[in-house]
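Spelled out, the chains give:
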Amino acid sequence: MSWFQKLLPPKIKRRENIDDKKNVPEGLWHKCPACQAVLYHSDLEKNFSVCPKCNHHHRITARTRLDWLLDAEGRFEIGAEVQPVDTLKFKDSRKYSERLTVAQRDTSETDALVVMQGSIHTIPLVVAVFEFSFMGGSMGSVVGERFVRGVQLATEQNMPFVCFAASGGARMQEGLLSLMQMAKTCGALTQLSQSRLPFISVLTDPTMGGVSASFAFMGDVVLAEPGALIGFAGARVIQQTVRETLPEGFQRAEFLLEHGAIDMIIDRRQMRNQLATLLTLLTKQSAVAEIEAA
Amino acid sequence: MKITFLDFEQPVAELENKIEQLRFVQDDSAVDISEEIGRLQKKSQTLTKDLYAKLSSWQISQVSRHPQRPYTLDYIQALFTDFEELHGDRSYADDAAIVGGLARFNGQSVMVIGHQKGRDTKERQYRNFGMPRPEGYRKALRLMKLAEKFDIPILTFIDTPGAYPGVGAEERGQSEAIGRNLYEMAELRVPIICTVIGEGGSGGALAIAVGDATLMLQYATYSVISPEGCASILWKSAAKAADAAETLGITATRLKTLGLIDKIVSEPLGGAHRDYPAMMQAMKKALQETLKQVQALPVNDLMQTRFNRLMSYGKFKEVEV
């Protein structure tokens, strides 16, 4: 509580609290869910949506990430022509086709994966990024097919492939078709590997279920963002099964690093540079600075 | 063995009970009631036939989990000779939820691997209800690599509610273990035949189900999530499991139409548990035929076909953008 608030009589204080939310103009301020600090939206953005106070990595959209990651020149999207269909005529409380329409309207994406060819510090590559706000980043036929097309293009063009995962798992509304995407994505990676091209897998918040249990851990190098939730089964399911409290920091990136499941945790602000360094090392190219100078 | 009847089979159960009673009466009576027994048996048969002719997805799901259904070791015992079980993942433990080993099928060396459930409470616990931990999948992969080294075909049997959701399983990399198998199985240079014999529960099933042919028993199920799990997430009520089962499309016929499985193996009337010998016969025939087909392909063609098959999975549209 600030000294100014302390001076105010209690009634005014209460009123102010009630109006707290209303007074904040939409989009100008942002409250960090981790440390509750109220941040200027533009400050947060300048800091790659990492809280300057507590380093909490906020979730970001796929296109924002691609924008921050790739060189401005020479980007083009892969697989945008692949779009979802409701094969099973799936219906729960709502039809799958309706859920798709809503998700497409809310996110301006056609499905939960955006794939682009581009470069990082002039190093050419193909990058696939999950859009978590599109039905929880769930993997259905379109995600699988776009992933595969990205991998195939990387193989043909002799480029590394990088994937940023952010997903709740397989897309239930596509039934077994979505489960098979796990096998499909892994299968595609075997070809990249046979061409001795690197696959770097970056696990961001959250990477769970069918995405976690397929290509996510098949990276030649597996990276994670700080604090990212990564696991096979959800905490609620595990708790119901084992009926014990889960250990501190369970399924967080730091927990996985400690258990030997990932290679390293990389701060989002260093991601672009460190990815470039890793790629140059893996492909035996000169250091990033030298490439850029040339 | 006394047959356990499922809820929807209660009319059949009542008839069978009556037959049982009559038999008991006949034993110490001078009156011949065998005719009556015969009549009731016929009636029971017809009733079962009618019931099974129009099973709902949810009912099929119950049959696939029937406690008397043949499990992996039952098939191994009936169809294979010289089974030598091999244990352990060489780094942590031996997971009893997956069994595997070398055996002969029609005299030929094969590697056989499958999920294993338990029959009684004690064995169920020992087998962890057929829910493998990472070491189970790593054992399976070790055995598959061994088979590849000696050019031995692999037969897998799938029957699991899913991979085990536990703290230790997460700590030891359940995700990595499953993903690793999917990846490695895509490029193993020996024929792989996968048969779903009971429950094909999500990633935990798929982790030993990538191969050149997927067979499925008539009343087996194969799904991305259990009907109960799906219902509790999407309907917020596990009571909607029957609806979920229907819409998820988990049955053999539905999956065959979708092109996700290759062959349906017919079960005896009333399900595999009603007639073990008949089931084993059908399975033997199906495996024999499929093995012959996949073994006829030169290994490079086999690999290319498997790869194309994997890449063909999925339904989407292509539009101008």
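Residues numbered from 1 in each chain as written. Chains lettered and ligands numbered in written order. Predicted model: local features only at pLDDT ≥ 70, side-chain atom pairs only at ≥ 80, totals over all residues. Heavy atoms only, no water.

Asks: Please explain the packing of aromatic side chains as it appears in this structure.
Replies: The geometry of two aromatic rings is summed up by the distance between their centres and the angle between their planes. Residue and element names in this part refer to chain A. Enumeration according to the criterion identifies twelve aromatic pairs over all chains in this entry. On the basis of an interplanar angle of 80° and a centroid distance of 5.1 Å, the ring pair of Phe 147 and Phe 161 is categorised as edge-to-face. One end of the pair, Phe 147, is in helix 6 (residues 141-157); the other, Phe 161, is in strand 7 (residues 161-167), and 14 residues separate them in sequence. What makes Phe 147 buried here is its relative accessible area of 0%. Owing to a relative accessible area of 0%, Phe 161 belongs among the buried residues under this scheme. Between Phe 147 and Phe 215 the ring centres are 4.4 Å apart and the planes differ by 35°, which places this aromatic pair in the tilted class. With a gap of 68 residues between them, Phe 147 in helix 6 and Phe 215 in the loop between helix 8 (209-212) and strand 9 (221-224) connect regions that are remote in the sequence. The pair formed by Phe 147 and Phe 215 is uniform in burial state, with each residue classed as buried. (Phe/Tyr/Trp six-rings, centres within 6.5 Å; stacked < 30°, edge-to-face > 60°. Helix = DSSP H or I, 4+ residues; strand = E, 2+ residues; numbered from the N terminus. Buried < 20%, exposed > 50% of the residue type's maximum accessible area, 1.4 Å probe, protein only.)

Asks: Would you take a moment to explain the environment of B:Glu135 for this structure?
Replies: All names here are of chain B. Mapped onto the elements, Glu 135 comes out in helix 6 (residues 134-149). Glu 135 gets classed as buried once you look at its relative accessible area, which sits at 5%. The spacing of Glu 135 and Arg 69 is 66 residues in sequence and 26 Å in space, taken between C-alpha atoms. Leave out the neighbours within four places in its chain, and Glu 135 touches Asp 89, Tyr 92, Ala 93, Asp 95 and Arg 172. (Contact = heavy atoms within 4.5 Å.)

Asks: Can you walk me through the interface of chain A and chain B in this structure?
Replies: Quite often, the size of an interface is put as the accessible area lost when its parts meet. Between chain A and chain B, the residue contacts involve 59 residues of the former and 46 residues of the latter. Roughly 4,700 Å² is buried in total at the junction of chain A and chain B, and carbon and sulfur atoms are behind 71% of that figure. On the chain A side of the interface with chain B, the three residues burying the most area are A:Met172, A:Leu176 and A:Phe232, jointly 15% of the side's total. Our count for the contact surface shared by chain A and chain B stands at one salt bridge. Between B:Glu318 and A:Arg149 there is a salt bridge; the shortest N-O distance is 2.9 Å. Our count for the chain A to chain B interface comes out at 16 residue pairs in polar contact (both at pLDDT 80 or more). At 18 residues, the largest contribution of residues to the side of chain A that touches chain B is made by helix 7 (residues 175-194) of chain A. Each residue belonging to the side of chain A that touches chain B can be placed in one class, and the counts come to 31 nonpolar, 20 polar and eight charged. As paired elements, strand 4 (residues 82-84) of chain A and strand 9 (residues 316-318) of chain B share three bridges and run antiparallel to each other. Bridging across to strand 9 of chain B, A:Gln83 finds its partner in B:Lys317. (Buried area = accessible area lost by both parts, 1.4 Å probe. Salt bridge = Lys/Arg side-chain N within 4 Å of Asp/Glu carboxyl O. Polar contact = N/O pair within 3.5 Å; in protein donor to acceptor, adjacent residues only side chain to side chain. Nonpolar A, V, L, I, M, F, W, Y, C, P; charged D, E, K, R; others polar. Pairing = 2+ DSSP bridges.)

Asks: How do you make sense of the environment of A:Phe76 when you look at a structure like this?
Replies: Its place among the elements puts A:Phe76 in strand 3 (residues 76-78). Measuring from C-alpha to C-alpha, the distance between A:Phe76 and A:Thr280 comes to 22 Å, with 204 residues separating the pair along the chain.

Asks: Which parts of the structure should I look at to understand the pattern of salt bridges?
Replies: Two side chains bearing opposite charge may form a pair once their charged atoms approach each other closely. Tallied over the entire structure, the rule returns 38 salt bridges over all chains. Note that B:Arg65 and B:Glu199 form a salt bridge whose closest N and O atoms lie 3.1 Å from each other. Of this pair, B:Arg65 sits in the loop between helix 3 (57-64) and helix 4 (72-79) while B:Glu199 is found in strand 5 (residues 192-201), placing the two residues 134 residues apart along the sequence. Taking relative accessible area as the criterion, B:Arg65 reaches 26% and is therefore assigned partly exposed. Note that B:Arg104 and B:Asp82 form a salt bridge whose closest N and O atoms lie 2.8 Å from each other. A residue pair is termed long-range when its members are at least 10 positions apart, and B:Arg104 in strand 2 (residues 98-105) and B:Asp82 in strand 1 (residues 81-85) qualify at 22 residues. On the basis of relative accessible area, B:Arg104 is assigned to the partly exposed category, the value being 35%. Look at the salt bridges and you will find they share partners, linking A:Glu81, A:Glu145, A:Arg149, A:Lys184 and B:Glu318 into a network.

Asks: Teacher, can you tell me more about the pairing of strand 3 (residues 108-115) of chain B here?
Replies: Side-chain direction in a regular strand flips from residue to residue, so the side chains alternate between the two faces of the sheet. Residues and elements named next belong to chain B. Of all eight residues in strand 3, six are buried, a share of seventy percent or more. Where strand 2 lies against strand 3, eight bridges are found, and the strand directions are antiparallel. Following the sheet pairing, Arg 104 is matched in strand 3 by Ser 109. The loop that links strand 2 with its antiparallel partner strand 3 comprises two residues; one of these, Asn 106, has a positive phi angle of about 55°. The pairing of strand 3 with strand 4 (residues 154-160) spans four bridges and is classified as parallel. Each residue of the ladder has a partner; that of Ile 113, found in strand 4, is Thr 156.

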